[in-house]
Amino acid sequence: MPFILGLASVVLLALVFGPQVWVRHVLVRHGADRPDLPGTGGELARHLLDQAGLDVVKVERTGDGDHYDPVEQAVRLLPQHHDGRSVAAVAVAAHEVSHALQHARGERAFARRFDLVRNLIWVDRVASGILLLAPVVFIVVKAPILLAFQLVAGILLLTIRIVVHVVTLPVEFDASFAKALPVIARGGYLSTGDMPAARSVLRAAAWTYVAAALATLLDVARWLRILRF
């Protein structure tokens, strides 16, 4: 029995952390400096935005992960992608610019994702509040049914995070393969020999949200353990 439990734990950890490790591996593998490339990821992002008539969208360096901010209308890239000349920098820059295009064109899938992500902050706060207050409510009210309701509600709210990440997948794949990859190929920003590597990076960029969804499962499990539910 202990062996089976140990094996199950290893499999679970592999499922949860495997995608995150793979994404990081792909980005590092294709993040080697390439002096032969004509520009940095930040310069490419600026060029692509200007080509699309999106001169109002800023390109900024960030330490908070590569992303497009619809509120500030800013493409934000990690230093290695903003300042670096690599296949990863080119692919990630094109991917984030694609989100800016989705926003500018008013694509419904992107708008739906934006609304969900924006509401995710208060959902997390409500879920955490419900779970933290559950033991207190039980001590004061001494109503097991109410406690059970609070716990179920809190766990359900936390799992909404998983749903949000899954819903964003079509938006990510559209940004990677319907927009970024064709733009890179048409513009000749990478050689034909570099395109498979760019495809790998763009696939990793899209699957980042799958990794985030799986990581959320650990939060749910952590709360269940804390509350011994």
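Right, let's walk through the structure included here.

The rules behind the values
- Residues numbered from 1 in each chain as written.
- Predicted model: local features only at pLDDT ≥ 70, side-chain atom pairs only at ≥ 80, totals over all residues.
- Heavy atoms only, no water.
- Axes fitted to C-alpha atoms, helices over the stretch in contact; angles between N-to-C directions.
- Helix = DSSP H or I, 4+ residues; strand = E, 2+ residues; numbered from the N terminus.
- Left-handed = near helix turned anticlockwise from the far one by under 90°.
- Contact = heavy atoms within 4.5 Å.
- Nonpolar A, V, L, I, M, F, W, Y, C, P; charged D, E, K, R; others polar.
- Pairing = 2+ DSSP bridges.

## Some points on the packing of helix H2 (residues 41-51) against helix H4 (residues 87-104)
When two helices pack together, their arrangement is given by the angle between the helix axes and by the axis-to-axis distance.
Piece 1. Axis separation between H2 and H4 bottoms out at 8 Å; the angle between their running directions is 35°. As H2 packs across H4, the resulting crossing turns out to be right-handed. Residues Gly41, Leu44, Ala45, Leu48 and Leu49 of H2 touch H4, and the partners they reach there are Ala89, Val90, Ala93, Ala94, Val97 and Ala100.
Piece 2. For the contact of H2 with H4, a count of residues per class yields 10 nonpolar, 1 polar and no charged.

## Side note on the sheet that holds strand S3 (residues 74-77)
Piece 1. Read from one edge to the other, the open sheet built from 3 strands follows the order S1-S3-S2, with strand pairing classed as mixed. Either end of the sheet is taken by a strand with one partner, and the two such strands are strand S1 (58-61) and strand S2 (67-69). The mean angle between the axes of side-by-side strands here comes to 25°, regardless of whether they run parallel or antiparallel.
Piece 2. Pairing analysis gives 3 bridges linking S2 to S3, with the strands arranged antiparallel. When the sheet's bridge partners are listed, His67 is paired in S3 with Arg76.
Piece 3. Along the sheet face, H2 touches S1 and S3 and points at about 165° away from the line of S1.
Piece 4. Against the sheet, H4 contacts S2 and S3, and its axis sits at roughly 160° relative to S3.

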